[in-house]
Structure formats: structure tokens, C-alpha cells
Amino acid sequence: MESSKYLSEFNLTEKQLKQFEQYLLLLQEWSKKMNLTTITEETEAYIKHFYDSLVLSKYLKDSIHLADVGTGAGFPGLPLKIGNETLTVDLIEPTTKRCTFLAQVVNDLELQKVNIINKRSEDLVDYREYYDAITSRAVASLNILLELSIPLLKVGGKMYALKGSSFDEEIKDAKNAFKELKCKVTNIYEFDLPLDLGHRAIIEIEKIAGTPKKYPRVYAKIKKQPL
């Protein structure tokens, strides 16, 4: 596909570029019958989905176990996996239909070390303080997202929240959540999407101590009374 030129800075192989082509075709096909994404035009999808996700690959270590919370149609978890085969990626998604889509992508692209977990992140009691890194994109405001994600992260692990241009306000609003959940912002990586399609930021957050046992709360309470 011509739009693969927008991924040139990531030094992808022909195999990886082919996998992105297959991914887009599946995304287009499934989006006709269910609510996956409204962004299915080739160039826009390559930039707003694939490029936007792959920028994070510059800041991840190899061979880590990563969870993508609220992965939806697989972003950023699946592009990160396609771009770096050494990663083990758990895609956490509560909607069963979306998990069915994700399973087909994983199967058709012949991806290894990808697990699909059809549950809400706050219900994953067996995965508490389990992951090396956590990613999330377009799921919730940061004060809510932290409570959904930080309990799953190892002490010393990193969370990466992919955000739009209002990220600084979200950081301010999450001041209490950082304190309660024992974590802190360690880096903010800002970048512009190609073709002036938007300004983005990756907020890197380190977990500095164990999560208090009272967190996470049930989702209804997290949403109604964010930290």
C-alpha cells in the first residue's frame, strides 16, 4: 500500500509492512459490521492508528511483557507487537465482539506471544503487579486510567498513556491519583502526526511503590468519583 511510506522511519521489514496491510484490510472489513473505528480510509488509518501507535516503540525495551488496557481494535498493542517481535503482549478488552476481531488479526498475521483477555482491567486480580509495561490509548481521562492500569504494573514498571494535545490538563487533574497510586510522570514525549493530522503526547509514568490494596475500586465508583 502506498501509505506504508508513512511508516518508513520505523525500519520495518517487508513482512512487517505486509502485516500492516493485512491488519488494515481486516479493520476495514470488520468496521462495516461493528463499531471498531470510524478511521478506515487508508492514509488516515496508517497515520492515526499505525504511526501513532508505533512512535511508542522508540521508548520500549525489548522482550518485555506488556499489557494494552482497553485495546479496542488493537491500538497501540498490535502495532507495537508487529513492530517488535520480542514483545509479549496481552490485549485487555471487555467487549467480546472486539476480542473476536483481535483473535482473527492475531491468527491471520501469525503473531506469536499475543494473549487476548476478555475482561475489564480492574477485574484482573491474578495479574496484580504483574506487567513490565502498560499502554493505553483513547480509553479514559488520566485520573481514571491510572486506577485501571497502575495496579497491574510491577513496581519500577512503566505505564505509557497515549494522549492528544490537552494532555497537560489531564496531568494536572490526576495529581491526587498519582499520589494515591504511588506513581509519577518521568517523561513526556511529544510529536506531530504526518500531514498535520494532530499533535500527540506519550506520558511515561513510573510506579514507585506497591499499590494500596483498596485500589482498584469497582468501575462504577472509579468513573463516578475519580481520584
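Because the structure is a prediction, the values reported are computed rather than measured.

The rules behind these values
- Residues numbered from 1 in each chain as written.
- Predicted model: local features only at pLDDT ≥ 70, side-chain atom pairs only at ≥ 80, totals over all residues.
- Heavy atoms only, no water.
- Pairing = 2+ DSSP bridges.
- Helix = DSSP H or I, 4+ residues; strand = E, 2+ residues; numbered from the N terminus.
- Right-handed = clockwise from strand over helix to strand, strands pointing away.
- Buried < 20%, exposed > 50% of the residue type's maximum accessible area, 1.4 Å probe, protein only.
- Expected span 1.5 Å × (residues − 1).
- Contact = heavy atoms within 4.5 Å.
- Axes fitted to C-alpha atoms, helices over the stretch in contact; angles between N-to-C directions.
- Parallel < 35°, antiparallel > 145°, perpendicular 65-115°, else oblique.
- Left-handed = near helix turned anticlockwise from the far one by under 90°.
- Nonpolar A, V, L, I, M, F, W, Y, C, P; charged D, E, K, R; others polar.

1. What to know about the pairing of strand E3 (residues 114-117)
Reasoning step 1: Taken together, the 4 bridges between strand E2 (residues 88-92) and E3 define a ladder with parallel strand orientation. Looking at E3, one finds that Val 89 is bridged to Val 114.
Reasoning step 2: In this region the chain leaves E2, passes through helix H4 (residues 96-108) and returns to the parallel neighbour E3; the handedness of that crossover is right-handed.

2. Focus on the pairing of strand E4 (residues 131-137)
Reasoning step 1: Burial within E4 is extensive, with 6 of its 7 residues counted as buried.
Reasoning step 2: Relative to E4, strand E1 (residues 65-69) is paired through 3 bridges, and the arrangement is parallel. Note that in E4 the partner of Leu 66 across the bridge is Ala 133.
Reasoning step 3: Pairing geometry for E4 and strand E5 (residues 153-163), over 6 bridges, is parallel. Across the sheet, Ile 134 pairs through a bridge with Met 159, a residue of E5.
Reasoning step 4: Regarding topology, helix H5 (residues 142-149) serves as the crossover connection from E4 to the parallel E5, and that connection is right-handed.

3. Some thoughts on helix H1 (residues 14-31)
Reasoning step 1: Over its 18 residues, H1 runs 26 Å from end to end, which matches the ideal 26 Å to within 8%, given 1.5 Å per residue.
Reasoning step 2: Along H1, the positions that sit buried rather than exposed are Gln 16, Leu 17, Gln 19, Phe 20, Glu 21, Tyr 23, Leu 24, Leu 26, Leu 27, Trp 30 and Ser 31.
Reasoning step 3: Elements in contact with the buried residues of H1: helix H2 (42-54), helix H3 (77-83) and H4.

4. Points about unusual backbone geometry
Reasoning step 1: A cis amide bond links Phe 75 to the next residue, Pro 76, at an omega of 5°.
Reasoning step 2: Within the secondary structure, Pro 76 is located in the loop between E1 and H3.
Reasoning step 3: Going from Tyr 215 to Pro 216, the amide bond is cis rather than trans, its omega being 0°.
Reasoning step 4: As for its position among the elements, Pro 216 is in the loop between strand E7 (199-207) and helix H8 (219-224).
Reasoning step 5: Look at Asn 11: it is not a glycine, yet its phi comes out positive at around 50°.
Reasoning step 6: Residue placement: Asn 11 occurs in the segment before H1.

5. Digging into the packing of H1 against H2
Reasoning step 1: Look at H1 against H2: their axes get within 11 Å of each other, and the N-to-C directions meet at 120°. One element, H1, and the other, H2, form an angle in the oblique class. For the pair H1 and H2, the crossing hand works out as right-handed. Here Leu 17, Phe 20, Glu 21, Tyr 23, Leu 24, Leu 27 and Gln 28 of H1 come into contact with H2, specifically with Glu 42, Ala 45, Tyr 46, His 49, Phe 50 and Leu 54.
Reasoning step 2: By residue class, the composition of the contact of H1 with H2 is 9 nonpolar, 2 polar and 2 charged.

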